[in-house]
Every structure is written in structure tokens, then in C-alpha cells.
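# Notes for the structure review
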Amino acid sequence: MTRPLRLDPDRLLPVDSVTRSIARELYREVADLPIISPHGHTDPQWFADNAPFGNATELLLQPDHYLYRMLYSQGVKLETLGIGGHPSDPRTAWRILAENYQLFRGTPSRMWLDWVFADVFGIEERLDAGTADHYFDTITEALRQDAFRPRALFDRFGIEVLATTESPLDSLEHHRAIATSGWSGRVITAYRPDPVVDPEFEGFADHLATFAALTGEDCSSWQGYLAAHRQRRAFFAAHGATSTDHGHPSAATADLAPHEAESLFDRVKTGAATAAEAELFRAQMLTEMALMSLDDGLVMQIHPGSLRNHNAALFTSFGRDKGADIPTPTDYVRALQPMLGRVGNEAGLTVILFTLDESSYARELAPLAGHYPCLRLGPAWWFHDSPEGMRRFRQMTTETAGFYNTVGFNDDTRAFLSIPARHDVARRMDCGFLASLVAEHRIEDWEAAEIARALAYDLAKAAYRL
Amino acid sequence: MTRPLRLDPDRLLPVDSVTRSIARELYREVADLPIISPHGHTDPQWFADNAPFGNATELLLQPDHYLYRMLYSQGVKLETLGIGGHPSDPRTAWRILAENYQLFRGTPSRMWLDWVFADVFGIEERLDAGTADHYFDTITEALRQDAFRPRALFDRFGIEVLATTESPLDSLEHHRAIATSGWSGRVITAYRPDPVVDPEFEGFADHLATFAALTGEDCSSWQGYLAAHRQRRAFFAAHGATSTDHGHPSAATADLAPHEAESLFDRVKTGAATAAEAELFRAQMLTEMALMSLDDGLVMQIHPGSLRNHNAALFTSFGRDKGADIPTPTDYVRALQPMLGRVGNEAGLTVILFTLDESSYARELAPLAGHYPCLRLGPAWWFHDSPEGMRRFRQMTTETAGFYNTVGFNDDTRAFLSIPARHDVARRMDCGFLASLVAEHRIEDWEAAEIARALAYDLAKAAYRL
Amino acid sequence: MTRPLRLDPDRLLPVDSVTRSIARELYREVADLPIISPHGHTDPQWFADNAPFGNATELLLQPDHYLYRMLYSQGVKLETLGIGGHPSDPRTAWRILAENYQLFRGTPSRMWLDWVFADVFGIEERLDAGTADHYFDTITEALRQDAFRPRALFDRFGIEVLATTESPLDSLEHHRAIATSGWSGRVITAYRPDPVVDPEFEGFADHLATFAALTGEDCSSWQGYLAAHRQRRAFFAAHGATSTDHGHPSAATADLAPHEAESLFDRVKTGAATAAEAELFRAQMLTEMALMSLDDGLVMQIHPGSLRNHNAALFTSFGRDKGADIPTPTDYVRALQPMLGRVGNEAGLTVILFTLDESSYARELAPLAGHYPCLRLGPAWWFHDSPEGMRRFRQMTTETAGFYNTVGFNDDTRAFLSIPARHDVARRMDCGFLASLVAEHRIEDWEAAEIARALAYDLAKAAYRL
């Protein structure tokens, strides 16, 4: 039995009829605003080459660890899905997704995918075992058309600017190719220095050597190493970057005396740092990066609290980023104090904080952001980039930090086709939250309209200096 | 002034009229499904002997620490209620409950009791000082009738299977008696080895001696001790057990080398372990139990995070389980890593995780269960087995773990008469949650109906292999 | 364009029409009950001297760190607002607030201020850049009238009792002046001994000397020091105090043997305690204070978990209490065990617990308060004294602790004019919460009415022994 796939125009809006009608009005005004995507993980080569995407599995399933982690949790073998380079038949993999699609009920993945199916590909039946082949064929065929090439979709999606994330060791050749291609799409980079900042990153010592070769700086000395960062940051800025991004296991910062930092670097640079030294070095580097941001104006993003590669056997067989990163409790109050003691009162600096630990929203992040001039709160992140997660974010941060210490939405995704769906979810949830404030007479309707626009567009553009 | 006692047919369903009518439809289809009670603490002797229960106080008040902890918190002396074997007049104790019944407003105890009063005993006035004697007499008199004996109530309640929990040292005579009695009720045991696994359990060294005597294994050796477990697990399985249960202070697991485990056991077996050794031994035993589960198929339940006997004076006077166990922050991510490193990728193993620390739902438990094939999430537990607690459980786990990594409802109770009320609360709250997803167009109505049935019946039966 | 300022009569009540009408009924019965303000930080000199307040900025902006912390977070310099004694023009400061008033959208400050503007001063347009001067003039002019002097406002606000908070070193001269003035207003003190209990308080050793001079006790000896406390507690009680208040960084308590306490005091009294000694001394003093409360009947309030003066540079330039105190994760279960082991089972003692760490509501505080006879839960505090914060408090504590282990509302403010607004918010939110329980048939309407009155008035009066 085939079930129709329809996206209800009121989806995600509050159920109460009074609140829903307020939310509808708010949403109508922001639904079609251009998309500002200041933080994400799409591949710039897509837009440089503008080659067609391959097939449904390659485009939608294999790059999306949200999908295969859920399948894996219910006993599906990753090999059968072709993850980690294991050979597999794309159609077979797609059928496995289809047969198990009920697992995603109630998850954001389901909403994003349904949007892609209905809105991007015009499919009118729900995905299940019976429609799996129809889906695979429809999508794979569409991808052969010019209208489904990366640049065409970018334009169709109404993206005003899209940031990718690159290592300092990246040549940025794709960004250069995009810039010189004559295409009007704005695809910029962001400086993500973890491979040369985190002594526990695989290949750290080798990365330092490459960093030196690339910059001509002496990366065996602390000053040379810092100079190499300054040089690459400038190079990234010249390729459009307006921000840096830091994905540390904790939010620890440090403010060591120069000679202490130097001698720490000397221990760390060999790749033989202890865990404590590695943590301290990452901590010191957050402060160093903040100081550089004061100079060059790059906005700093801190994404802490994920314990990477929790599943050692899976890591060995399939590698990084396979759905086995797990959040941990994250302290911000003591962790950030050294850095904030150094630069926290600088209104010219912007540091955007993210969390995977929602217990810190009301207890730590909102009080910090509602005080320090340099701090802003990033949106609900990763596992919390979902209707309930977004609602909790607003409920737990607004009363202490307000709306204007937040920075709008980040899609943070490598699933390019889902970007409009993700922004649409955020806009709907924010309009719903605002509508509830109006309905409870906590703000006026005209204020809600101003805030809705700020959350959907203005704040991201301003905070990321775009 | 007497107040009528009525159970509204719409109780606990969402207030919004659209959502309520969706919830009503969902609930109607699951309200009368048989009860699967895979985890609880009723006394198997009740069903073995089928003797009548005594009186209202003995049946409803004295075994229920939810009730007397609240009374105690407001200054009622436990002695006057006959707790801990202190002599007291049952009618007087009942009057104290009645006079203080307003204390339970807004608590689940109040809902469960009102259901028992109205539905099991047919009482039509609310409990208060004025109706205390009427209640006591009505209930006590009813209990003399055959229709109120344990087996009759079991049948009337529509219980398909009821699991109790026993120590490895238990003879399981009552389960044997039930099995050979000719009565059709399915009352099974579960293997709860804390008394022989936790070196800090009162009488641990003596328990090891009994364990040896019971199994004929040499429990002074590590291998003999493990063999004793294997033997008793098989014995429990032969008496219907499909699961084990582990109530440790933390979720710590370990994966020691065999000789390390052996030498740890040698230090622990004397009953003179340090706190750290005791913790490490419990941790290692979780991994050992998981390995045995891989062999014998018993489902493993981990119930961590309660600091037992917080009130030392009360413990001295009244003993264990008197309402003074208090939850503590509980780490799962690092704690479970050793065990998961050993068995986490085994799809043939089922480990069900519970928590008293709701901050771990979205941060740790849902991400873990949404990845590891062996993991499932147990329902909202103990203090959180309540309307708001259940709602938070679904709101904070569904978006990352989905519905199908959860296992339906556990009543976890020794209050036998409240079992149907507890399952009814869970079914109502789940239907309400699903209805809100339908009303917000996040799932379809037919999907909600499938999920409602799964949460009420199918998932518990499958997860516990019943 | 001028926007009208109107306070909707239904503000903060639930949106659903059925629930709202239940809430309205409940609210109507409690809206005008007298205000019991058992904990706060108004200045008793206001009521002793009854001098007119100065101007809008001096009255409403400069004492309110909620306001200027938000302005500061968005780059406003505190100097320009005249904070910390820095000279500034009051009208200019007011204009800065007005121009940035949108920052407060969605915050409780906005609700409290709008209430003050509309209800106390009768202003009919919203505050913004265009109405800034009108506001400043209207308010400043009103303050010159007798009807706006402190005592007149106190009477107009319907305050039955107002507690302030003083150090043991305070002479209580203002309270004496009020008592002998012939004015009927009841303004009482509370004993806040942090300056002589916390070895890390600035000037601790000097404070001990003053403490000795004031009491005639030998405060260089442990017994003399304790005797000084007893004497000052009696002095405070004679000036109306019914409570003590303790604002420690953590909830740690200790129960040292007398000679250990004595030798700890000997190390601490010099002002040279280590951080660990200081923490242990504060911990021991909570138990000592509890023992004294057993004797003299003063209710004990514990306000833990704020990391004071997080921003060192700001502290140096502007001093304490400038919006840079940040909450931290707070343990109660192990922390309180020593004190509870000593006095926890005393039904004659009342210890009221507060938290800035909402993750402890359901996990720790409700289970503790639902067991120990001496414990009660204070209301949602500080950053959580807000609609969403209050809602979470009830949702996360009621099911385990009930309503009757809570103590009604505290405004905890130095912003005198906002006191009625704050109590009004609490009454509205509690009525809304109760209405939702009624609408879901979890309690009856007549029970909700009883509880609403208890939360608005009775419980505070009883718990604080007023």
C-alpha cells in the first residue's frame, strides 16, 4: 500500500489555533528570506567542478552519519551500506534504508529527507520497501539533469552565502576556482586549525611539517608556529573566510606566560605530548586564536564537548566521523575564565559558543553571554538541531541572554540538499516560539516580526561579519 | 464535606482539543492491550500461595516507600505507620495517610492510588480525614473476597507476563510452585546478582559462601565464582528468566585482563575491599555479565546512579529501601566505554540502560543508543516514572534515538495493585506525545498508531525476548 | 512612531482557551493577596528615612545588575551608565537604556519594568529612543511626590512583611528606627553571616575583630566565635529576623569533631586559610548554623552555586555584584549529607534550599526534600526567576516533592519597585501550572484553588514562621 508524501504547510507550527495563526503570519514573512549558512561542511569541490552528483545512495545516504548510525544501532552492517569505502551496491543500500525508514519516525533526519524527496525531487509517495526502487530511480535520474548540478541547486535554494570548513593545510584551490569561475554563488571558507592545534590529532607532527612547508615559517619554534597561523588566517580571509572554528574535546582555555607557552610547545611539537599537555596546549591555543582574532577580525567559533571515536572497533574499520562521537558534560564557567580574563571585555571580538550539553544553556552559557561583550551563543547544535532541541534552546537561553546575544541558525551539515530544509525547520520553530510569547503577551506582535527576521537572517549576517 | 472520586476518561491527554482527539483515538486502540511487565519487584509468594492480602495499610501503605517518604518529609514518624516492623495500628496508620493525602497532589502516587481506589475497589468518594474509615473498611473487607486474591487480580488486570527480581541465592521455590500449580498466569524471575557482585553489599562474604554451597562451585576462585554465576543464570532461565538486572551506584564498567580480574577478585572476596576496589569489581562484573549474556541470551538491565541509604539514622532504625535513596549525577559515556569496547557491536546482545539523571537523556543515552547495536533505553525510571518525567523522556530521547531503540514501559513496582494504573499512565502519556507529533505534522496518524502499539506492547515483548 | 504600553490582563496565562479560563479563575482569587516577601535585598534605610527616591536612573537602572549586564554584553560601557560610582549624567544613562530596550525582549526584566512603568507611574507609551526623555521626566517628577516615597509605595503595594538581609556586623539601626517610627509597615531583617563565616570574603580577619568588639566575645577562640554568633542571632531575632541566609560557592557541609573544628578555626581566623580550609570551614559553619537554628528557631536558607566575580577586570574597576556572578554545577546529595546526618531528621528545623543548577531539581533537590523532614525547596532563583524558569521548577519538582515541600515565592530583589510585578509573575505562572493540571484531570479545581493560595501566601508565611 502506497502512502502519499505531503509536506503540510503548517508543519512544526504550534497546535493551538490562536498561536498557530500568529506563527503563520510570522513565518510567512521569513520563509523566503535568503539563506545565510555561516558554518557547515559541504565540499567546495562540488561548486568548483559543478559535476553532477552520482546516485541517491551516494548523495543522500553515504555522507550522512545521522542516517547510518541509526541503521547501525538496529543491527544493519555498515559494509552493506558502502560506508568507509567498503564496496556495496547502491541500490541494495538504498533498499535497506527504505525498509528501515520507520526507525526515523520522530527524528529530524526524517523531516529533512522528506523535504528533499518532496520538494527537491517532487516525489509524491512515502519511502518504504515498496517504493524504494521508484525513489532510487527517480532521484538518480534527476541528478543527471543540469538543474540538479551543485550550482543550480545552490541558486534554486536561495543561498546568499555558504561557508565550508577547511584545515590550514588546505590549498583552497576549489574556493579559488569558484571565485574565478564567473559564477555568482558566494562560497567561502572557514579556518579550522584542529589538525595543527590538537596534539592528539592523527598525524599532528607531520601536519606541523606541512604547515612549515606551506608557510615558509619555522614551525619548530613557538613564534614561527604562531606566525604560520597568522599567515594562513590571512590567506583564508583572502578566500572569503570571516571565521575560525575549534572542535576541542572540552572548552578549556589557558593564559600561560609566554615562556610557559613556548616550553609547552617544545614538548608538544614532537607528537609525544601527554594527555594533560595536549589539553593544556589546545587550551592555550584558544586564547592565542582569540588574540589573533582581535587583530584580524575573524569571528571565533568554539564547538566543544564531543568525545570523538567512542567506538574503537568501528574507528579501526571505518575511520572518523561515522556516528560514534558522543557528547559529554561540558564546563564553560571555569574553562573559559582564562581566555575571558584576557579578551572577554573586548567588544570588538566575537566568540560564538556551542554546546552538546544542554544543562549548560541556562546555567552557564546564557549567564556568560548575557554579560561578556565578546560572547555570543551559537544555535542548538548537532544532536540538538531538531524541533525539540531548538525549542529547549530558546526556552533556556532567552530569559537570561535575550535574542540578540544569539547568532541565528547554522546548518552545520555536509548534506547539501538538506540545507533549505534545516533552515526551514529553524525558521518554523523560532516563529512558533515567538508566537507563544505573543500569545502569552510577553512581547508584541510587531516585536516578534522584527525578531523573527533577525533570527532568520540579520543576526547571522551581522555576527559572522558577512 | 465529601468530594466525589471520578477518573476522567480524558485524564492526562493533551488539553488542546485537536491534539486531544488524536490522542483519544490512539489511546482507544492500546488501552486494553495485555500488560507486559518485564521488570518489577512484586513478591512471587503472593502468586504461589494465593493467600488473601491483609488490610488496606498492609497492602497499600506499608510496602510503598513513595507514600511514607512524603509523609516523613512533613514530619510524620515512620513508627506510627508501622514501617520497618515497628508495631502500629493499621487503622491509625491509614488515618494518617488520609489526613495528609493533600501532600500527594500533583504526584504520580496520587494518580495510582486514586485509580486503585476507584477502579479496583469501586470507591466513589475522595480520600480525606472524613472518609478514612470508610476506605479502610471497604478495602479490608474486599480483600477477604476471592476476587481480590493475587491470582484473581492478576487475571483481572490482563497481565500477560510479570517478572519479579530475585537474588542468585534465592531458591525460586515460589516460581516453581506457580509453574506447577496449574494456574495459567506467567510469573517469571530475573537475575539480580547485586548481593554476590557488590563487595559493599551487607554480608557479601557470607553470600559468597552461600553461593558456593548452592552451586557446588569453588567461589573462592575467580573461575569457580564465574562458573557459579553461569550455573545460577541457567537455573534462573529455567524458571522463566529472560533478563538480568544490575543496580550499581554508578555505570562504571571495566575490561581487565584475566589475571587482573582474578587478583582483584582475590582481594575482594574476603569482604575487605577498598571503595575503589569494590567499584572496580562491580565494573568488571558488568562486562562479565555482558559476556555471559552473549552466551545465554539473557537481556541485561543496568540501573545505576542511586546513592543508597543516604539517611544513616533512618537506615539504622528502619533498614534498606525506606525512601532515602537519592539520585546522583551519572556518567555513561566514559563509564560504559570498556564494556562497549568488548561487546558493544554485538547485535545479538541487548543491554537496557536506565537513568535517574535526566541530563543524560539527550546528552549521552540517546546518542549511545542511537549508535551501538547492543544498547536500548529503558523507560523513565523511579522518580521520573510520572507524567512530566515520561514526557521529558520522549522529548529528550526520540529525536536522536528514535522510538525503536526504546523498550516500552516498566512498572518497576512492588505495589502490585498499581500495576495497571502505571501502565495506563504510560500509555496515555505516550499517546499524548504521539498526538502532538501528529498535530504538528511530524508523523502521520497511521504511523502514530503503529508506534503507540509498539510502545504499549510490542517493544517490551521483543526487547525482553518474552 | 509611538507604541502603546498596555499590560494585558491575561498575560502569562496559558494560551489554550480551556486552560486559560481555569487559570483566570485561580488567579482572580490570589491576585490581590498581601505580599509576603521573606527574602530580599532592599535597603532598610529607605523605610527608616522615608526620603524621596532620586531620579529614574538612580532608582531603576543603577541598582539593577540584570539591566546593565545585558547592556554591557552588547558593548555599552558601564562608566556611561554611572555604575560603580563612576560619574555620569542620569538622563544620558537613561537614554542608553531606552535606545537598547529591545535587548530585553523575552526577558523577565522587560516584564518587571513595563509593569513599573505602566502600573506605578501610569505611563502609556512603550520605552524607546523616542520616549526616553518623556519617561525620565515623568518618573523623576513623580518621585518628588509623597505618594512615591518608600513607605507610601510599601503600603500601596500591599506588602504584609518585607525581609531585608544584613551582615552580623550591621547595627540594625534602620530596623530600629522603623520599629519605633509609628509606621505600621513590617520590615524585618535576616542574618547573613557570610562576611564572618567565609574566610575568603574580603576583609574576613578584620570582620572577626569587629565581630568581637560588637559582641564582647573572644572571637579568637572557637567557642567565643560561636557565642558571638548566638548573641547576634538573638539580636537579629529581636529586630524581627526569622531566618538566616548563606550564600556559599557550594552546598558543602561538614560535621567535624569539636577539636577538629576548633583547630580549623585556629588556622582560618588569621585570614590565611587555604582554599580547601576555607571551603571546609564554610561547610562546618552550615552545620553549626543548623544546630543554632534548632535552638533559636531561625529558618535557614542556603543559596549555593554562584561563582562570584568571574570577570576579574570588571571586579577591579567596578566591585562586587556587577552582573559577573555565574552559576556552576552544584552537588547537593553528597554535599549536604554531613549536615543532614546531624540534623536532617529534625522536624522542628527548617532548611530551605535554592539552586542555580536546574539539573538538580528533579535529580537531587526534589528527592531530598521529599524525604528529609527539615528540608524545603526555595523557589526558582535569580536567573531562573522568570516564566520559563518557574515553569521548569514546578514541572521538575512537584511530582517528587509535591507542593507542600516548597515555600512560595521570594522576590530576592533590591529593585523595590518591581516587587509587586515579581510576585504577580509568580502567581500567574503558578496559576497557569495548576490550571494545566486541572485541565489534564490530574487535580480537581477546588484543590488547585487551595494550592494557588498556599503558593501565593500561606506557605511563605508558614515556612518562614512569619
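Small disclaimer: the values here were computed from a predicted structure and weren't measured.

On to the interface of chain A and chain B. Contacts between the two partners involve 49 residues from chain A and, on the opposite side, 42 residues from chain B. In this assembly, chain A packs against chain B so that about 3,900 Å² is buried in total across both faces, 51% of it on carbon and sulfur atoms. In terms of surface lost to chain B, no three residues of chain A exceed A:Val15, A:Arg105 and A:His310, which account for 19% of the buried area on that side. Our count for the chain A to chain B interface comes out at seven salt bridges.

We now examine unusual backbone geometry. The backbone phi angle of A:Asn309 is positive, close to 55 degrees, even though this residue is not glycine. If you trace the backbone, A:Asn309 turns up in the loop between β6 (306-307) and α15 (312-318). For C:Arg465, which is not glycine, the phi torsion reads 55 degrees and is therefore positive. If you trace the backbone, C:Arg465 turns up in the segment after α20 (445-463). A residue is classified by how much of its surface remains accessible, and C:Arg465, at 36% relative accessible area, is partly exposed.

Okay, the sheet that holds strand β3 (residues 187-188) of chain B next. Residues and elements named next belong to chain B. Spatially, β1-β2-β3 is the arrangement adopted by the three strands of the open sheet, whose pairing is parallel. Edge positions in the open sheet fall to β1 (35-37) and β3, since each of these has one partner strand only. Of the pairings in the sheet, the one linking strand β2 (residues 159-163) to β3 comprises two bridges and is parallel in character. Looking at the pairing, Leu-162 lines up with Val-187 of β3. Most of the contacts of helix α19 (residues 419-439) go to β1, to which it runs at about 105 degrees, and overall it touches β1 and β2.

Residues and elements named next belong to chain C. Covered by surrounding structure in strand β4 (residues 243-246) are Ser-243 and Asp-245 together with Thr-244 and His-246, the residues of both alternating faces. Sheet topology note: the β4/strand β5 (residues 299-302) ladder contains four bridges and is parallel. Residue His-246 lies in a different strand from β5, and its bridge partner there is Ile-302.

Our next topic: helix α13 (residues 258-268) of chain A. All names here are of chain A. For α13, the set of buried residues is Ala-261, Leu-264, Phe-265 and Val-268. Each buried residue of α13 lies within a common arc of 100 degrees when the element is viewed along its axis, so the set occupies one face. Buried-residue contacts for α13 involve α11 (204-215), α12 (222-238) and α14 (275-296).

Moving on, we come to the environment of A:Thr242. Residue and element names in this part refer to chain A. Relative to the elements of secondary structure, Thr-242 occurs in the loop between α12 and β4 (243-246). With 45 residues separating them in the primary sequence, Thr-242 and Thr-287 have C-alpha atoms 18 Å apart. Beyond its immediate sequence surroundings of up to four residues, Thr-242 is in contact with Thr-189, Gly-297, Leu-298, Val-299, Tyr-464, Arg-465 and Leu-466.

This paragraph deals with the relation of the copies chain A and chain B. What connects the two chain copies is a rotation about an axis and a shift along it. Here chain A sits on chain B after a turn of 120 degrees about the axis and a move of 0.0 Å along it, with an RMSD of 0.0 Å. The transformation just described matches what one would write down for a three-fold rotation axis.

This part takes up the packing of aromatic side chains. This model, assessed by the stated rule, comprises 89 aromatic pairs over all chains. Centroid distance A:Trp382 to A:Phe383: 5.3 Å. Interplanar angle 5 degrees. Geometry classified as stacked. Of the two residues, A:Trp382 and A:Phe383, neither departs from the other in class, the shared state being buried. The interplanar angle of 75 degrees and the centroid separation of 6.1 Å between the aromatic rings of C:Trp94 and C:Phe117 together place this pair among those described as edge-to-face. Pair noted here: C:Trp94 is in helix α5 (residues 90-99) and C:Phe117 is in helix α6 (residues 108-120), with a separation of 23 residues, a long-range link. As far as the burial class goes, C:Trp94 and C:Phe117 line up, both buried. Among the aromatic residues, those joined into a cluster by ring pairs are A:Trp46, A:Phe47, A:Phe53, A:Trp115, A:Phe154, A:Phe157, A:Trp183 and A:Phe416. The positively charged end of C:Arg320 is found above the aromatic ring belonging to C:Phe201, 4.4 Å away from the centroid. Over the ring of C:Tyr66 we find C:Arg422, and its NZ or CZ is 5.8 Å from the ring centre.

Turning our eyes to something else, we now look at the side chain of A:Glu166. All names here are of chain A. Mapped onto the elements, Glu-166 comes out in the loop between β2 (159-163) and α9 (173-179). Here Glu-166 sits buried without a salt bridge, and the closest side chain of opposite charge, Arg-232, lies 10.0 Å off (N-O distance). Of the polar contacts made by the side chain of Glu-166, one reaches the side chain of Thr-164; its length is 2.8 Å. Side-chain polar atoms of Glu-166 contact the side chain of Thr-189, separated by 2.6 Å. With residues up to four places along the chain from it excluded, the contact list for Glu-166 reads Pro-44, Leu-172, His-175, Thr-189, Ala-190, Tyr-191, Arg-192 and Phe-236.

Below, the discussion takes up the environment of B:Phe53. All names here are of chain B. Structurally, Phe-53 can be placed in the loop between α2 (44-49) and α3 (56-61). Between the C-alpha atoms of Phe-53 and Ile-159, which are 106 residues apart in sequence, the distance is 19 Å. When residues no more than four places from it in sequence are discounted, the contact partners of Phe-53 are Trp-46, Leu-59, Leu-143, Phe-148, Pro-150, Leu-153, Phe-416 and Leu-417.

Under the defined criterion, the tally for this structure stands at 114 salt bridges over all chains. B:Arg363 is paired through a salt bridge with A:Asp357; the nearest N and O atoms lie 3.0 Å apart. Here A:Asp357 lies in the loop between β8 (351-353) and α17 (359-369) and B:Arg363 lies in helix α17 (residues 359-369), a pairing that spans two chains. When sorted by exposure, B:Arg363 lands in the same class as A:Asp357, which is buried. Of the charged contacts, one joins B:Glu388 and B:Arg391 as a salt bridge, the two residues approaching to 3.5 Å between their closest N and O atoms.

Residues and elements named next belong to chain A. Parsing chain A into structural domains produces domain 1 (54-145) and domain 2 (149-463). Counting residues at the interface gives 22 residues for domain 1 and 25 residues for domain 2. Summing both sides of the interface, domain 1 and domain 2 together bury roughly 2,000 Å²; the carbon and sulfur share of this comes to 67%. The largest share of the area that domain 1 buries against domain 2 comes from Arg-69, Trp-112 and Trp-115, three residues that together contribute 30% of it. In this assembly, domain 1 and domain 2 are joined by five residue pairs in polar contact (both at pLDDT 80 or more). Contributions of two or more residues to the side of domain 1 that touches domain 2 are made by α3 (56-61), α4 (65-73) and α6 (108-120). A total of seven residues in the side of domain 1 that touches domain 2 trace back to one element, the largest contributor, which is α6. Tallied by class, residues from the side of domain 1 that touches domain 2 come to 15 nonpolar, four polar and three charged.

A separate point is the relation of the copies chain A and chain C. Structural alignment of chain A on chain C gives an RMSD of 0.0 Å, achieved by rotating through 120 degrees and translating 0.0 Å along the axis. Mapped onto chain C, only 5% of the interface residues of chain A again fall at the interface, so the copies present different surfaces.

Residues and elements named next belong to chain A. If you trace the three strands from one edge of the open sheet to the other, you get β1-β2-β3, paired in parallel fashion. Edge strands, defined here as strands with exactly one partner in the open sheet, are β1 (35-37) and β3 (187-188). Packed onto the sheet, helix α19 (residues 419-439) meets β1 and β2 and runs at close to 105 degrees relative to β1.

Counting residues at the interface gives 42 residues for chain A and 49 residues for chain C. Residues C:Arg105 and A:Glu450 are paired through a salt bridge, measuring 3.2 Å at the closest nitrogen-oxygen approach. Linking chain A to chain C there are 29 residue pairs in polar contact (both at pLDDT 80 or more). Elements with a contribution of two residues or more to the side of chain A that touches chain C: α1 (17-30), α16 (337-343), α17, α18 (387-401), α19 and α20 (445-463) of chain A.

Criteria and cut-off values
Residues numbered from 1 in each chain as written. Chains lettered and ligands numbered in written order. Predicted model: local features only at pLDDT ≥ 70, side-chain atom pairs only at ≥ 80, totals over all residues. Heavy atoms only, no water. Contact = heavy atoms within 4.5 Å. Buried area = accessible area lost by both parts, 1.4 Å probe. Salt bridge = Lys/Arg side-chain N within 4 Å of Asp/Glu carboxyl O. Helix = DSSP H or I, 4+ residues; strand = E, 2+ residues; numbered from the N terminus. Buried < 20%, exposed > 50% of the residue type's maximum accessible area, 1.4 Å probe, protein only. Pairing = 2+ DSSP bridges. Axes fitted to C-alpha atoms, helices over the stretch in contact; angles between N-to-C directions. Arc of directions from axis to C-beta. Least-squares fit on C-alpha atoms with pLDDT ≥ 70 in both. Phe/Tyr/Trp six-rings, centres within 6.5 Å; stacked < 30°, edge-to-face > 60°. Lys NZ or Arg CZ within 6 Å of the ring centre and 35° of its normal. Lys, Arg positive; Asp, Glu negative; His and termini not counted. Polar contact = N/O pair within 3.5 Å; in protein donor to acceptor, adjacent residues only side chain to side chain. Domains from an automatic or database assignment. Nonpolar A, V, L, I, M, F, W, Y, C, P; charged D, E, K, R; others polar.

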